[in-house]
Each structure stands twice: as structure tokens, then as C-alpha cells.
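Listed below are the residues making up each chain.
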Amino acid sequence: MERCKGILRALGLLLSVASVAAWGQGQPAEEGSRPVRAASFDSLAQYPQRQAPAQVLSLNDSRIEAEIAAVVESIAVRVGDRVALGDVLLELDCADTRDALEQARAAHRALAARRDFADFQLKRARSLVKGGNISDEQLHQREAEARALAAELDSAKSAEARAARDRDRCSIKAPFDAVVMERLIGVGEKAAPGKPLLHLLDVGALEVSAQVQASDEASLQGAETFELMLGERRYPLTLRSLLPALEPLSRSREARLEFALAAEESAASPGASGRLLWRSARPHLPAEYLLRRKGRYGVFLLRDGQAQFHLIEGAREGSAAPLALPGETLIITEGRYTLRHGDRVRRVE
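Being a predicted model, the structure only gives us computed values, none of them experimental.

Criteria and cut-off values
- Residues numbered from 1 in each chain as written.
- Predicted model: local features only at pLDDT ≥ 70, side-chain atom pairs only at ≥ 80, totals over all residues.
- Heavy atoms only, no water.
- Helix = DSSP H or I, 4+ residues; strand = E, 2+ residues; numbered from the N terminus.
- Buried < 20%, exposed > 50% of the residue type's maximum accessible area, 1.4 Å probe, protein only.
- Pairing = 2+ DSSP bridges.
- Core = buried A, V, L, I, M, F, W, Y, C linked by side-chain atoms within 4.5 Å.
- Contact = heavy atoms within 4.5 Å.
- Phe/Tyr/Trp six-rings, centres within 6.5 Å; stacked < 30°, edge-to-face > 60°.
- Axes fitted to C-alpha atoms, helices over the stretch in contact; angles between N-to-C directions.
- pLDDT = per-residue confidence, 0-100.
- Salt bridge = Lys/Arg side-chain N within 4 Å of Asp/Glu carboxyl O.

**Regarding the overall build of the chain**
- A tally of regular secondary structure across the chain gives five helices and 22 strands.
- The proportion of buried residues among the 349 residues of the chain is 34%.

**Details of the pairing of strand S18 (residues 296-303)**
- In terms of burial, S18 is a largely internal element, six of the eight residues being buried.
- Pairing of strand S17 (residues 291-293) with S18, which is carried by three bridges, proceeds in the antiparallel orientation. By the bridge assignment for S18, Arg-293 is matched with Arg-296.
- Between the antiparallel neighbours S17 and S18 lie two residues, among them Lys-294 with a positive phi of about 55°.
- Judged from the six bridges that link them, S18 and strand S19 (residues 306-311) form a sheet pairing that is antiparallel. When the sheet's bridge partners are listed, Phe-300 is paired in S19 with Phe-309.
- What sits between S18 and S19 in their antiparallel hairpin is a turn of two residues, with Asp-304 showing a positive phi close to 50°.

**Some points on the nonpolar core**
- One finds Leu-89, Leu-90, Leu-92 and Leu-197 to be the most contacted residues of the largest nonpolar core, which totals 23 residues.
- Residue assignment for this core shows that the elements contributing at least two residues are strand S4 (70-75), strand S6 (88-93), strand S8 (178-183) and strand S10 (196-201).
- Leave out the neighbours within four places in its chain, and Leu-90 touches Val-72, Ser-74, Ile-75, Cys-170, Ser-171, Ile-172, Ile-185 and Leu-197.
- Counting 21 residues, the second largest nonpolar core, distinct from the first, contains Val-208, Phe-226, Leu-230 and Ala-255.

**Some details on the environment of Leu-311**
- Structurally, Leu-311 can be placed in strand S19.
- A relative accessible area of 30% places Leu-311 in the partly exposed class.
- In sequence terms Leu-311 and Arg-292 are 19 residues apart; their C-alpha atoms lie 9.3 Å from each other.
- When residues no more than four places from it in sequence are discounted, the contact partners of Leu-311 are Arg-296, Tyr-297 and Gly-298.

**Overview of the packing of aromatic side chains**
- Taken as a whole and assessed by the stated rule, the structure comprises three aromatic pairs.
- Each ring, one from Tyr-235 and one from Phe-259, has its centre 5.9 Å from the other, and the planes form 85°; the classification is edge-to-face. Here the residue Tyr-235 occupies a position in strand S13 (residues 233-247), and Phe-259 occupies one in strand S14 (residues 252-259), the gap between them amounting to 24 residues. Of the two residues, Tyr-235 and Phe-259, both sit in the buried class.

**Observations concerning the sheet that holds strand S2 (residues 49-58)**
- What the six strands build is a closed barrel, ordered S2-S11-S14-S13-S12-S15; its pairing is antiparallel. With strand direction ignored, the average angle separating the axes of adjacent strands in the sheet is 40°.
- The pairing of strand S12 (residues 226-230) with S13 spans five bridges and is antiparallel. The residue bridging Met-229 from the neighbouring strand is Arg-234, located in S13.

**Some points on the environment of Tyr-337**
- Take Tyr-337: it is sitting in the loop between strand S21 (330-334) and strand S22 (345-347).
- Judged by its relative accessible area of 58%, Tyr-337 is exposed.
- Along the backbone, Tyr-337 and Tyr-289 are 48 residues apart, and their C-alpha atoms lie at a distance of 9.7 Å.
- Residues within four places of Tyr-337 in sequence aside, it is in contact with Leu-291 and Arg-293.

**Focus on the confidence of the model for the chain**
- The share of residues in the chain with pLDDT of 70 or more is 89%, and the mean pLDDT across the chain is 84.
- Of the regions scoring below 50 in pLDDT, residues 1-29 engages in 14 contacts with residues more than four places distant in sequence or in other chains.

**Brief notes about the sheet that holds strand S7 (residues 171-173)**
- A sheet is described by the order of its strands in space; here four strands give the open sequence S7-S6-S4-S9, paired in antiparallel fashion. Each edge of the open sheet carries a strand with a single partner, namely S7 and strand S9 (190-191).
- As judged from the two bridges shared by S4 and S9, these two strands associate in the antiparallel manner. Of the residues in S9, the one forming a bridge with Val-71 is Lys-190.

**Regarding the pattern of salt bridges**
- Considering all chains together, one arrives at 15 salt bridges under this definition.
- Taking the shortest distance from any N to any O, the salt bridge between Arg-63 and Glu-182 comes out at 3.6 Å. Placement of Arg-63 in strand S3 (residues 61-65) and of Glu-182 in strand S8 is noted, with a sequence separation of 119 residues between them.
- The partner of Arg-256 in a salt bridge is Glu-207, and the shortest N-O contact between them spans 2.9 Å. Here Arg-256 is found in strand S14, whereas its partner Glu-207 is found in strand S11 (residues 206-213), with 49 residues between them in sequence. With respect to class, Arg-256 is no different from Glu-207; both count as buried.
- What you see here is one network of salt bridges that share partners, running through Glu-207, Arg-240, Glu-254 and Arg-256.

Take a look at the structure:
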């Protein structure tokens, strides 16, 4: 009997030694507590990188049209040429327009002369009526003639201004710095309002368009840095706008971003496709530490010698979960699978 008791004591001693070896030496075993390992939230937190398909767009992808009807006299540019704001691109044959301008100017001069004579007659009539040499009716007639000619003169000025604008429209000029992408008309063809003449692409005014999934909107809006990845190169960006409309099929929203390049750096080419990258500003707990209790996901915290189950709203299996906790909060990393909320635990190294 004594021999059996000795054997049992020896087995108990061996089990105690094995437990210490497994969980670290020098750790006092509190009665009824379970040994666990824990780490601070700061040491476990991740800041996941998100991505979305993106494309470089030009803000000015324009087909230049004529504003008047006229035959094309000459074209000063070819496909691939770079043009600056105000450069002449195309000349129209505007002999009729120039003649109309000269006629408008002549009509303006004739009316100005008649108005000057009417003003002279009105001034003389006012002096004569004081001496009783003409009637009030004659004075009123002179005043009416002067007012009518002044109105006709204003109309002639407007007609001359319109004719001058039409004359200026004979020279089609670049509305912005651009590259000529297409010539859509030839010399000798007749241009007309609404008929495209040239296709210009602005390679300086660029934006990035990205399709962001609804589930990534919060991380996008909270991110501090954005990059466009095209092949091996990355371009820094800033978020300008997240459009409110939701694309019904892909359940995504369009984000618009601007390049944030140094003066000496060149932006990407319009039409280039790549990936928008951003890193969440919110700390996330890696998916491996999530546990499911009563159908919902959370994590066990070590507080005051107890395992406390902390529910994480919106957490999904297999995905890192956004979590707002003080950095020093202890999260149970080992020995957590069989824990229940409120279990007594002790931390071992």
C-alpha cells in the first residue's frame, strides 16, 4: 500500500515538472486558473493593404468642332503633334465672313455719321425753341430722331461684333495644351457647326479613376496614403472624391484621385490601367486570433486574471478585423480555444 502511494506521488511530481517546462519556469500556479500566453494589441495589430482596379484618365479628351460653315483651307498639325494653348490648328476659307465684317463696319460708320448729324440738329432745335423760333412739336421730333438713330447705332455695333467673332472663328486654335490624336477632316472639305475637325488629348490634366468595393469604402476614406501601381512603378496620389452613386452590377463606387508628383516627375499616360493601393489607417487584428462564440466573432482579452470575450462587430472568418483598443491591451494568443468568458487565467511566458 505504501509502495503504491509512493508511485502516485512520483507521478504527480513528474506531471508538475512537465507543466512548468511547457509554460515556463518560475510561474506560480494559482488554484483553479488556466495558463495562457498573451501579447499586447500593439504587437499584433496589422494595417491591411487594400487595392482596386484603376485607370488614368485625361480631363480633356476633346473633339474640336467648327462654329461656322466654311471650307477647310489648311491644317497646321498632324497626328502626334504637341500643341500649346492658343496655337492655330486649322484655317477655314472665310472670304464671305471677311466681306460680312467689312459691310458691318461700313454700316456702323454710316449710322455713326447720321447720329452725329441728328445730335447737331437736336442741339440747334433746343436753342431755337427758347427764342420761340420753332414749336415744341418740332423739338420733340428731333429728340425722337436722335433716340432712334442711337438705337440703330447700338444694333450696328452688335452686328459688327458678331461679324468680327465669325472672322476670328475662321482660325481654329488649341483650347489647351494637348496632343493631336486624330484628324477628322481634310483640306477642301466643308466644316459645319457640330462636325468634329480634330481630336485633342490633354496629357497634363490627368486623374485616376478607381472602382472601390462598398466593403472597402471606410478604409479608403480613412487612409492617409494612396498609390497607383503600373507594372513595377508606383505613383503617389491624393483622394479627391468618392462618387455617391453605386454601380448596381459590381456594387462598387468610383473614386477620383489626383497625382501628387514632384515638379520634375512625369505622370502616367492617359489610358494606362493598373491598381490603386492604399493601407488602412485603422489597426486590424489578424484573422488567426478570432474566435467564434454563440455565432459571433471576437477575441479573448486578459483582464484582472480573467479571460473576457470581446465581441468585434462586423468581423468575418478568415479576414483581419478592425479593432479599436488601447495598444497595451493584452490579447490571449495561446490556450484560448477552450476558454469561456470569465474563466480565471494566468499569464505565462
